[in-house]
Amino acid sequence: MVRVDGSDVDGSLIRVRNLDKTYRRGSEEIHVLQGLNLDVGAGEFVAFMGPSGSGKTTLLNLLGGLDTPSAGSIRVGEDTVTAMSGRRLTGWRARHVGFVFQMYNLIPVLTAFQNVELPLLLTNLSRAERRRHVETALSLMGLSDRMKHYPRQLSGGQEQRVAIARAIVADPTFLLCDEPTGDLDRKSADEILGLISALVSEHGKTVLMVTHDPRAAEWANVILHLEKGALVDSPQGNAGS
Amino acid sequence: MKYLPLIVRNLFRKKTRAFLTLGSIAVALFLFGLLVTVETALSQGVEVAGADRLVVINRVSLIQPLPIAYRDRLLQIPGVTAVTYASWFGGVYQDERNFFPQFAIDPESFLKMYPEYSVPPAQWKTFLGDREGCVVGQATAKRFGWKVGDRIPLRGTIFPGTWEFNLDGIYTGKRPDDDTTQFWFHRKYLEERGPEWFKGYVGWYVVRVDNPDHAVDVVKAIDARFANSAWETHTDTEKAFAASFAKQIGNIRFIILSIGGVVFFTLLLVTGNTMAMAVRERIGELAVLKTVGFTDAGVLGLVLAEALTLALLGGVIGLGLAKAFTLSGDPTGGLLPIFYLAPWKMALGLLLAAMVGVLSGIVPAVTAMRLKIVDALRRV
Ligand SMILES: Nc1ncnc2c1ncn2[C@@H]1O[C@H](COP(=O)(O)OP(=O)(O)OP(=O)(O)O)[C@@H](O)[C@H]1O
Ligand SMILES: [Mg+2]
């Protein structure tokens, strides 16, 4: 279930209402998001498309609690993200959100294993439990034999798979991916998208992904477009699935 | 502890820079270690001075003697529980540069007055029965390679002639910073062989008081007792004497503090610069840490821990080298009464290193803490 009209429906995991984001540059105000509504049910794979500068990254940052909106509200499950700040928001993010960025953003001095372990260091898990979770996440990404490799010893596609393993290792409520294949060739991109879509279909994850690439967007079960600060159903019209 | 790999890896990310900074810290703390060792050596007497001991000298100057008859009169003064005496010999062993202090003593009362020194009983017994015997501290024995049984010639400067002594014993200090450079021999021998003008005299007296709290009263009583006599006295606590000696050498503490201050400040700049660079080139990664759930305080802690690790590591290396250096012996060849780097002074050095770590890390750490994720991610 994915809707953008703001009417109250049952069963939404993520519920965004009248979201505004305004940046100030000197005396000039840039209204990036204006009255944006969104409902996403659990287990959906949503792609956001839109021209450069339309506010896709801004929206994702707001959904992930990395940034605060100028107005409006975001609820995820029982939590009102927009009412949280500081330590509580950080804690919520660690528990519920997995991030995947275009530039992988791995820590170069840590091995693949240690990179994936990072979010677990903040939990109470024992060393052995952490090891088990990390190994599971990496093997889901087909990287069991690359655990001791450093990022520079991996290909771009492998680096991104490590980043995805890191995003899912703490079993978050949903994944936010900002152009996860933007820096990859077609083959690696398809591999990554296949893995993400398997996370949705086989493991019931909820994924929200920004992409420029229509072929990448095809992997999602819903494509939404950012236009004039709000989301609209894709012209192909398969919203509400 | 589980963050240790992250901290250590980050530290050595730029190896050359890390080792240069580490080297600076190590060199600075090595220097610190040596300076405090020398300072301890020069002010040695002050710290080990017995709180219940007074020194009585001739009021005119230290080199003017006092009559031996004062011994019994000192014992009569209320508050005085023991008395011993000694005289400065001022002999030269082979060469003027081979300086060490030599005292003509009254053996029984002397050793009782200084319980911090110990001599093997058998050696002491030999010494008591040997008119030409002597006992030296282990530092001096080691310096000249002397063994018990050696015959040691000293050329007298105050008391003319060549004096030969039998080395009957070697004394040790009970504490590491006790002076073991002294050379003791019988006052009786000096009395017999020495010049006519010194017969019946001693260099100075050392007096034990029944209670350190009475020291001031006893000092007054002694000097009053001998006022208006031919040999007026000047009495003071052993500590005060040692301190006035140390002052004559120069204001060592001031010099050490000045050097230390400059080094400390330079170190702050060096380490601070390293940490600032480390944070600046890692903005994106710090943002990632925050994204996956590290709190602002957590990131602050990580950066501080990194600075602290760097400083402490450098400190341990520098102080360890300084300790090793002091263990390898006094570079002046025995001129210093002691050459010892006390554990608590090493701890002080480590504390100083830790301060450098925290102070140099605080600004970069706060920068990292304040970092906003969205801004940082846009920059990469
Ligand atoms: N911190 C900021 N201060 C001012 N303006 C900003 C700031 N962050 C983003 N913007 C502006 O907001 C608009 C949306 O930016 P955003 O990064 O969300 O776009 P995007 O859709 O992700 O673009 P792209 O496809 O190029 O990644 C842009 O015009 C951008 O310049
Ligand atoms: Mg973007």
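Residues numbered from 1 in each chain as written. Chains lettered and ligands numbered in written order. Predicted model: local features only at pLDDT ≥ 70, side-chain atom pairs only at ≥ 80, totals over all residues. Heavy atoms only, no water.

Looking now at the overall build of chain A. Scanning chain A from N- to C-terminus turns up seven helices and 11 strands. With respect to the three principal axes, the spread of C-alpha positions in chain A is 45 × 40 × 40 Å. Sorting the 241 residues of chain A into buried and exposed places 54% on the buried side. Within chain A, contacts between residues at least 6 apart in sequence are counted, and of these 70% link residues at least 24 apart. Of the accessible surface of chain A, which amounts to about 10500 Å², a share of 46% is contributed by carbon and sulfur atoms. The centroid of the 26 positive side-chain charges in chain A is displaced by 7 Å from the centroid of its 28 negative side-chain charges. (Helix = DSSP H or I, 4+ residues; strand = E, 2+ residues; numbered from the N terminus. Buried < 20%, exposed > 50% of the residue type's maximum accessible area, 1.4 Å probe, protein only. Contact = heavy atoms within 4.5 Å. Areas by Shrake-Rupley, 256 points an atom, 1.4 Å probe, with all protein chains shown as cover. Lys, Arg positive; Asp, Glu negative; His and termini not counted. Charge placed at Lys NZ, Arg CZ, Asp CG, Glu CD.)

Further remarks concern the overall build of chain B. What chain B contains, in helices and strands, is 15 helices and 12 strands. For chain B, the C-alpha radius of gyration of 29 Å lies well beyond 21 Å, the compact-globule estimate for 380 residues. C-alpha extents for chain B along the principal axes are approximately 95 × 45 × 35 Å. A total of 380 residues make up chain B; the buried ones form 49% of that total. (Rg over C-alpha atoms; globule rule 2.2 N^0.38 Å.)

Turning next to empty space enclosed by the protein. One pass over the structure, following the stated rule, counts five cavities of 30 Å³ or more. Roughly 130 Å³ of volume is contained in the largest cavity. Taken together, 13 residues make up the lining of the largest cavity; nearest its centre are V97(A), G98(A), R166(A), A167(A) and V292(B). Those elements that place two or more of their residues in the lining of the largest cavity are β7 (97–100) and α5 (156–168) of chain A together with α12 (283–291) of chain B. The element contributing the most residues to the lining of the largest cavity is β7(A), with three residues. Considered class by class, the residues forming the lining of the largest cavity number 10 nonpolar, two polar and one charged. (1 Å grid on protein atoms, 1.4 Å probe; cavity = no way out; pocket = protein on both sides within 12 Å on 5 of 7 lines; lining within 4 Å. Points joined across faces, edges and corners; volume = space filled by probe spheres on them. Nonpolar A, V, L, I, M, F, W, Y, C, P; charged D, E, K, R; others polar.)

All names here are of chain A. With mixed pairing, the six strands of this open sheet are ordered in space as β7-β8-β9-β4-β10-β11. The sheet is open, and its two edges are formed by β7 and β11 (230–233), each paired on a single side. Taking the axes of each pair of neighbouring strands and ignoring which way they run, one obtains an average angle of 25° across the sheet. Bridging between strand β8 (residues 174–178) and strand β9 (residues 206–210) involves five bridges; their strand directions are parallel. Bridge assignment links C177 to a residue of β9, and that residue is M209. Lying over the sheet, helix α2 (residues 86–96) contacts β7 and β8, oriented at roughly 75° with respect to β7. (Pairing = 2+ DSSP bridges. Axes fitted to C-alpha atoms, helices over the stretch in contact; angles between N-to-C directions.)

What follows concerns the packing of aromatic side chains. Residues and elements named next belong to chain B. As enumerated under the stated definition, the model contains 37 aromatic pairs over all chains in all. Measuring from ring centre to ring centre gives 5.6 Å for F100 and F144, while their planes differ by 55°; the resulting arrangement is tilted. Residue F100 is located in the loop between β3 (80–88) and β4 (102–105), and its partner F144 is located in helix α7 (residues 138–144); the two are separated by 44 residues in the primary sequence. The two residues F100 and F144 agree in class, both being buried. Looking at R193, its charged tip hangs above the ring of W163, at a distance of 4.3 Å from the centre. (Phe/Tyr/Trp six-rings, centres within 6.5 Å; stacked < 30°, edge-to-face > 60°. Lys NZ or Arg CZ within 6 Å of the ring centre and 35° of its normal.)

With that settled, the discussion passes to the domain arrangement of chain B. According to the domain assignment, chain B contains domain 1 (4–44 + 250–379) and domain 2 (60–231). Between the C-alpha centres of domain 1 of chain B and domain 2 of chain B there is a distance of 47 Å. (Domains from an automatic or database assignment.)

Turning our attention to the interface of chain A and chain B. Contact with chain A, which involves 26 residues of that partner, is made by 23 residues of chain B. Of the roughly 2200 Å² buried where chain A meets chain B, counting both sides, 65% is carbon and sulfur surface. Considering only the side of chain A, the residues that lose the most area to chain B are V109(A), L121(A) and L122(A), jointly responsible for 23% of the buried surface there. For the interface between chain A and chain B, the tally reads zero salt bridges. Between the two partners, chain A and chain B, sit six residue pairs in polar contact (both at pLDDT 80 or more). Class assignment of the residues belonging to the side of chain A that touches chain B gives a composition of 14 nonpolar, seven polar and five charged. (Buried area = accessible area lost by both parts, 1.4 Å probe. Salt bridge = Lys/Arg side-chain N within 4 Å of Asp/Glu carboxyl O. Polar contact = N/O pair within 3.5 Å; in protein donor to acceptor, adjacent residues only side chain to side chain.)

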